[in-house]
Amino acid sequence: MIYMDYSLENRRINLDKANIIGYGKNGNVYKYKNLALKIFPNGNIPYGLMDIDTCHNLSNITTSSILLPKNLVFYKNKSFSGYSLKPISSARTRSIAKMDKKSFIDSVELLEEDVLLLSKKGVLLDGILPENVIVSDRLYLIDPSKYYFVDKEYSDGLYDLNTYQIHLLLTKLVLTSLKKNDVTPKELRKLKTILLSREENQLSSDFFDELIGEEKNIYNYVKKMR
């Protein structure tokens, strides 16, 4: 099935249902040339998702690991219906728990750099979930549809909130990854307590660096706990 009457950068485009690479209740993701297009259901913005101004303002921010909209998609050149993103291949998806320590810490540091920039711009990272992460050559956050800008008067503590949310996300990713390996429920509960013991002002990269220590990866650290 071909969906017509969409436009990207003032150019008419057709979306082929056969090119859907991701499904979600807030819209599907299509592969289009060298882009990924997030299209809202029926061309309408679901409640709680970014509006056109937020999308446009996010598109003017350059990040490396937290993917943001590049260009806006319209339906019949009128209705804001989605946005384009840099596509990330999931062909190399791997276990976060078995990523070598350096690759993992480097990935977390890149996320933290993006978090610092976005926090300075007044962006709250809302709706960041494990299913919106691709573990490829590094960690990528791929769905910014619930991000929004907060008023300056409420921006105090925004960086701390965003970094806290990123650490919770990493905790969930690590625990989920370990569940797929030979890790017992008791070990998972013990590790969860440790992961949530991060001090308020400590960066996640520093926390995991100290935690993993001389071990090859998080999985090996858990095995050593036994």
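The structure presented is a predicted model; accordingly, all values stated were derived computationally and were not measured.

Chemist: Give a description of the packing of helix 2 (residues 101-120) against helix 5 (residues 204-212) that names residues and reports values.
Modeler: Between helix 2 and helix 5, the shortest axis-to-axis distance is 9 Å and the interhelical angle comes to 165°. The angle between the axes of helix 2 and helix 5 places the two elements in the roughly antiparallel class. Considering the relative orientation of helix 2 and helix 5, their crossing is right-handed. Here K101, F104, I105, V108, E109 and E112 of helix 2 lie close against helix 5, whose contacting residues are S204, S205, F208, D209 and I212. Partitioned by chemical class, the residues of the contact of helix 2 with helix 5 number five nonpolar, two polar and four charged.

Chemist: Requested: an account of a negative patch on the surface, with residues and values cited.
Modeler: A surface patch of negative charge is lined by E109, E113, E199, D206 and E210. Mapped onto the negative patch, the elements with two or more residues apiece are helix 2 and helix 5. Residue position: E109 is located in helix 2.

Chemist: Describe the pattern of salt bridges, listing the residues and the values that go with them.
Modeler: Applying the stated rule across the entire model yields six salt bridges. Residues R138 and D137 are paired through a salt bridge, measuring 3.8 Å at the closest nitrogen-oxygen approach.

Chemist: A description of the side chain of E187 should follow, citing residues and the corresponding values.
Modeler: Along the chain, E187 turns up in helix 4 (residues 185-195). Within polar-contact distance, the side chain of E187 engages the backbone nitrogen of T184 at 3.0 Å. Non-local contacts of E187, meaning those with residues more than four positions away in its chain, are made with D182, V222, M225 and R226.

Chemist: Can you tell me about unusual backbone geometry, naming the residues and giving the values?
Modeler: Look at E9: it is not a glycine, yet its phi comes out positive at around 55°. With respect to the helices, strands and loops of the structure, E9 is situated in the loop between strand 1 (2-8) and strand 2 (11-16). Among the residues examined, E9 registers a relative accessible area of 51% and is labelled exposed. We note that N10 has phi near 65°; this positive angle belongs to a residue other than glycine. Tracing the chain through its elements places N10 in the loop between strand 1 and strand 2. Classification of N10 by relative accessible area gives exposed; the value is 78%.

Scoring rules and cut-offs
- Residues numbered from 1 in each chain as written.
- Predicted model: local features only at pLDDT ≥ 70, side-chain atom pairs only at ≥ 80, totals over all residues.
- Heavy atoms only, no water.
- Axes fitted to C-alpha atoms, helices over the stretch in contact; angles between N-to-C directions.
- Helix = DSSP H or I, 4+ residues; strand = E, 2+ residues; numbered from the N terminus.
- Parallel < 35°, antiparallel > 145°, perpendicular 65-115°, else oblique.
- Left-handed = near helix turned anticlockwise from the far one by under 90°.
- Contact = heavy atoms within 4.5 Å.
- Nonpolar A, V, L, I, M, F, W, Y, C, P; charged D, E, K, R; others polar.
- Patch = residues over 30% accessible without salt bridge, like charges linked within 9 Å, V, L, I, M, F, W, Y side chains within 5 Å.
- Areas by Shrake-Rupley, 256 points an atom, 1.4 Å probe, with all protein chains shown as cover.
- Salt bridge = Lys/Arg side-chain N within 4 Å of Asp/Glu carboxyl O.
- Lys, Arg positive; Asp, Glu negative; His and termini not counted.
- Charge placed at Lys NZ, Arg CZ, Asp CG, Glu CD.
- Polar contact = N/O pair within 3.5 Å; in protein donor to acceptor, adjacent residues only side chain to side chain.
- Buried < 20%, exposed > 50% of the residue type's maximum accessible area, 1.4 Å probe, protein only.

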